[in-house]
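Summary of the model geometry
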Amino acid sequence: VQLQASGGGLVQAGGSLRLSCAASGRTFSGYVMGWFRQAPGKEREFVAAIRWTGGSTYIADDVRGRFTISRDNAKNTVDLQLNSLKPEDTAVYYCAAQFGWYYSDSARYDYWGQGTQVTVSS
């Protein structure tokens, strides 16, 4: 299984970015696809997740209303749209996959991508 995250970059506060996670190596039916982020000196934290089957979404409280997650079954990608970005959103963003239900628990995820840097300037 390979997860390839892309789309990070440098953006001013209030701007937007779209991250994409390309998934390959197996079918992901029944999987939960998640996005996490880790800022320097901080623990990795849950951002958003989506069920590959059915499309149910879960968004962390501090980004709800600004970030949205979606999937494209045909392309095998999971996207994270980041709007109204703030300097505190600066972090490395990781995509991950798990066959399970514990969408906000990073320890439950089986596969991880390499991360993409998001930097928001004030």
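This text goes with the structure placed above it.
1. What to know about the overall build of the chain
Tallying secondary structure elements over the chain gives zero helices and eleven strands in all. Ordered by position from the N terminus, the helices and strands of the chain form the series β-β-β-β-β-β-β-β-β-β-β. Radius of gyration (C-alpha) of the chain: 13 Å, near the 14 Å computed for a compact globule of 122 residues. Expressed along its principal axes, the backbone C-alpha trace of the chain runs to roughly 40 × 30 × 25 Å. Within the chain, residue pairs in contact and separated by at least 24 positions form 56% of the contacts whose partners lie at least 6 positions apart. Carbon together with sulfur atoms contributes 46% to the accessible area of the chain, which is approximately 6200 Å² in total.

2. Regarding the pattern of salt bridges
Summed over the entire model, instances satisfying the criterion amount to seven salt bridges. For E45, the salt bridge goes to R37, with nearest N and O atoms at 2.6 Å. Given the relative accessible area of 33%, E45 is considered partly exposed. On the basis of relative accessible area, R37 is assigned to the buried category, the value being 5%. Through salt bridges with shared partners, a single ionic network connects R37, E45, D62, R66 and D89.

3. Observations concerning the nonpolar core
Counting 38 residues, the largest nonpolar core has M33, W35, L80 and Y93 as its most contacted members. The residues contacting M33, other than those within four sequence positions of it, are L3, A23, F28, A48, A49, I50, W52, I69, V78, A96, A97 and Y109.

4. Notes on the side chain of Q81
Assignment of secondary structure puts Q81 in strand β8 (residues 77-82). Side-chain polar atoms of Q81 contact the side chain of R18, separated by 2.8 Å. Reaching out from Q81, the side chain makes a polar contact with the side chain of N83 at a distance of 2.9 Å. Non-local contacts of Q81, meaning those with residues more than four positions away in its chain, are made with S16, L17, R18, R66, F67 and T68.

5. Digging into the state of the cysteines
All told, the structure shown has one disulfide when counted by the stated rule. Two residues, C21 and C95, share a disulfide whose sulfurs are 2.3 Å apart. The S-S bond linking C21 to C95 shows a torsion near 65°; that makes this disulfide right-handed. Highlighted residues: C21 in strand β3 (residues 17-24) and C95 in strand β9 (residues 91-98), separated in sequence by 74 residues. On the basis of relative accessible area, C21 is assigned to the buried category, the value being 1%. Judged by its relative accessible area of 1%, C95 falls in the buried class.

6. Side note on the sheet that holds strand β7 (residues 67-72)
Sheet architecture is open: four strands sit in the order β1-β3-β8-β7, paired in antiparallel fashion. Here the strands that pair on one side only, and so sit at the sheet edges, are β1 (2-6) and β7. With strand direction ignored, the average angle separating the axes of adjacent strands in the sheet is 15°. Examined bridge by bridge, β7 and β8 share six bridges and lie antiparallel to one another. Each bridged residue has a counterpart across the sheet, and for R71 the counterpart in β8 is V78.

Parameters and conventions
- Position numbers for residues count from 1 along each chain, tracking the sequence in the order it is written.
- Residue-level local features of this predicted model are given only where pLDDT is at least 70; pairs of side-chain atoms are given and counted only at 80 or more, and the full residue set underlies all totals for whole chains, interfaces and linings.
- Here the side-chain values reflect all heavy atoms present in the structure, with hydrogen atoms and water set aside.
- Each helix is a run of H or I in the DSSP string that is no shorter than four residues. Each strand is a run of E no shorter than two, and both are numbered from the N terminus.
- Computation of the radius of gyration draws on C-alpha atoms alone. For the globule rule, the value is 2.2 Å times the number of residues to the power 0.38.
- Working rule for contacts: check all heavy atoms of both residues, and any pair within 4.5 Å makes them a contact.
- To be clear on the numbers: accessible area is Shrake-Rupley with a 1.4 Å probe, and residue cover counts the displayed protein chains and nothing else.
- Between Lys or Arg on one side and Asp or Glu on the other, a salt bridge is scored when a side-chain nitrogen of the former is within 4 Å of a carboxyl oxygen of the latter.
- Type-normalised accessible area, obtained with a 1.4 Å probe on protein chains alone, sets the label of each residue: buried when under 20%, exposed when over 50%, and partly exposed for intermediate values.
- Only buried residues count toward a nonpolar core. Its members are Ala, Val, Leu, Ile, Met, Phe, Trp, Tyr and Cys residues joined through side-chain atoms within 4.5 Å.
- Contacts described as polar in this section are N or O atom pairs within 3.5 Å, which, within protein, must combine one atom able to donate a hydrogen with one able to accept it, while residues neighboring in sequence count only if both atoms come from side chains.
- In plain terms, two cysteine sulfur atoms within 2.5 Å form what is called a disulfide here.
- Two strands pair under a simple rule: DSSP has to find at least two bridges between them.
- Fitting a line to C-alpha atoms yields each axis, with helices limited to the stretch in contact; the angle taken between N-to-C directions then spans 0 to 180 degrees.

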